[in-house]
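This is what each chain is made of:
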Amino acid sequence: MLEPSAKNPWASRLVAIAAGVVLGYGILWAASSVRRAAGLTFIDQGKEFTVKADGTMTGLGPIPRELQQTMRDALLLDKIDRPPFWDDLHGKTQTVPATRADADSFRALAPIGAMVENDHPVFHWSVKPGATGYRVNLVDEAGATTSSPLLAAGATTWTQNHALAPNETYTWTVEAWRDGALLAKAPAASGSDARFRVIEPATRAALQQLRDKSGGSHLLMGLAYAHAGLQADARRELEAFAKENSQSPLPKNLLNSLASW
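Chemist: Any chance you could explain unusual backbone geometry here in plain terms?
Modeler: Generally, phi is negative for residues other than glycine and the peptide bonds are trans, each holding for most cases. Cis peptide bonds are those with omega within 30 degrees of zero, and the linkage from Ala110 to Pro111 qualifies with 0°. Ala186 connects to Pro187 through a cis peptide bond whose omega is -5°. Note that Pro187 resides in the loop between strand 11 (181–186) and strand 12 (194–198). Positive phi, normally seen in glycine, also occurs at Gln45, with a value near 55°. With respect to the element layout, Gln45 can be found in the loop between strand 1 (40–44) and strand 2 (47–51). The partly exposed category is assigned to Gln45, whose relative accessible area is 40%.

Below, the structure written as structure tokens:
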């Protein structure tokens, strides 16, 4: 087994989870006094499960102890703590993705302040009016730069053509060119870096096993993605869980906690 990096302490937990996940799950929940008295019922991928008054969950099968604790922490506190490595990627001055109001400005869009699962990440940027081509520049922690070829005028994405090192922080920029002259660069020199990091192989393998064996549980996958630092994937799964449980405040609270990272 690969040794998890110190930069991603969640890897060992995810590996342990993936090794023992079976279809469905059950969990012990030391709930608040209100929850202990009333219990809660949720729907996940069309399956109903109930948190009973004594704190046990019924309606689905057992899961490994490691995942029970992960889910217990999130459900008990109605929040998801950001991973300890998150601040390295998402500082207070991190570049903010473009909104509709500034869609005409030239922006690096993604990945920014994020962990990514694919070691051949796809870079996204907005159109620069008048540009006849684009070039992406990627810088590793040692300061070495890798550049894309000059891309077509209509290009807004580029896929990295070689595997990036896991758990290394990369920065990237995109340049807009017009007829051989540099037209604009994003992020601008006065802005903050667009930073990201690729998750380690052991974590990637564990997540794949979870996808294969979790029965498609939105809650389980949402929490697993969150602990791996894959915020966008976690949000997608928890939004699906919230849709199935629109009357419960819990999914909304988890989403709000995730958004506050």
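Chemist: For this particular structure, what's the right way to read the sheet that holds strand 9 (residues 157–159)?
Modeler: Hydrogen bonding along the main chain pairs the strands of a sheet, whether they run parallel or antiparallel. Ordered by their spatial adjacency, 3 strands build an open sheet running 4-6-9, and the pairing between neighbours is antiparallel. Here the strands that pair on one side only, and so sit at the sheet edges, are strand 4 (108–110) and strand 9. Between one strand axis and the next, the sheet turns through 30° on average, direction left out of account. Where strand 6 (residues 122–125) lies against strand 9, 3 bridges are found, and the strand directions are antiparallel. Its bridge partner being in strand 9, His124 is matched across the sheet by Thr157.

Chemist: How should the pattern of salt bridges be read in this particular structure?
Modeler: Two side chains bearing opposite charge may form a pair once their charged atoms approach each other closely. Counted according to the given criterion, the structure contains 6 salt bridges. Between Lys79 and Asp81 there is a salt bridge; the shortest N-O distance is 2.3 Å. The salt bridge partner of Asp87 is Arg82, with a shortest N-O separation of 3.1 Å. Here the salt bridges share partners, and the residues they tie into one network are Asp233, Arg236 and Glu237.

Chemist: Even after reading the chapter, I still don't get the nonpolar core, so can you show me in this structure?
Modeler: In globular proteins that are soluble, nonpolar side chains generally tend to be buried together. Judged by nonpolar contacts, the single largest core of 31 residues is most densely connected at Ile80, Leu207, Leu219, Leu230, Leu238 and Leu254. Of all the secondary structure elements, the ones that give two or more residues to this core are helix 3 (65–77), helix 4 (86–89), helix 5 (201–213), helix 6 (218–228), helix 7 (231–244) and helix 8 (249–259). Beyond its immediate chain neighbours, meaning those up to four positions away, Ile80 contacts Ala74, Leu223, Ala226, Leu238, Leu254, Ser257 and Trp261. One finds Trp125, Leu151, Ala155 and Phe196 within the second-largest nonpolar core, a separate group that totals 23 residues.

Chemist: Teacher, can you tell me more about the packing of aromatic side chains here?
Modeler: Throughout the structure, instances matching the rule amount to 8 aromatic pairs. For the pair Trp125 and Tyr134, a centre-to-centre distance of 5.8 Å together with 50° between the ring planes defines the contact as tilted. Both residues of the pair, Trp125 and Tyr134, belong to the buried class. Note on Tyr170 and Phe196: the rings are 5.6 Å apart at their centroids and 20° apart in plane angle, and the pair reads as stacked. Here Phe196 lies in strand 12 and Tyr170 lies in strand 10 (residues 169–178), a separation of 26 residues in the sequence. For Tyr170, a relative accessible area of 6% translates into the label buried. The exposure class of Phe196 is buried, given its relative accessible area of 0%.

What counts as what
- Residues numbered from 1 in each chain as written.
- Predicted model: local features only at pLDDT ≥ 70, side-chain atom pairs only at ≥ 80, totals over all residues.
- Heavy atoms only, no water.
- Helix = DSSP H or I, 4+ residues; strand = E, 2+ residues; numbered from the N terminus.
- Buried < 20%, exposed > 50% of the residue type's maximum accessible area, 1.4 Å probe, protein only.
- Pairing = 2+ DSSP bridges.
- Axes fitted to C-alpha atoms, helices over the stretch in contact; angles between N-to-C directions.
- Salt bridge = Lys/Arg side-chain N within 4 Å of Asp/Glu carboxyl O.
- Core = buried A, V, L, I, M, F, W, Y, C linked by side-chain atoms within 4.5 Å.
- Contact = heavy atoms within 4.5 Å.
- Phe/Tyr/Trp six-rings, centres within 6.5 Å; stacked < 30°, edge-to-face > 60°.

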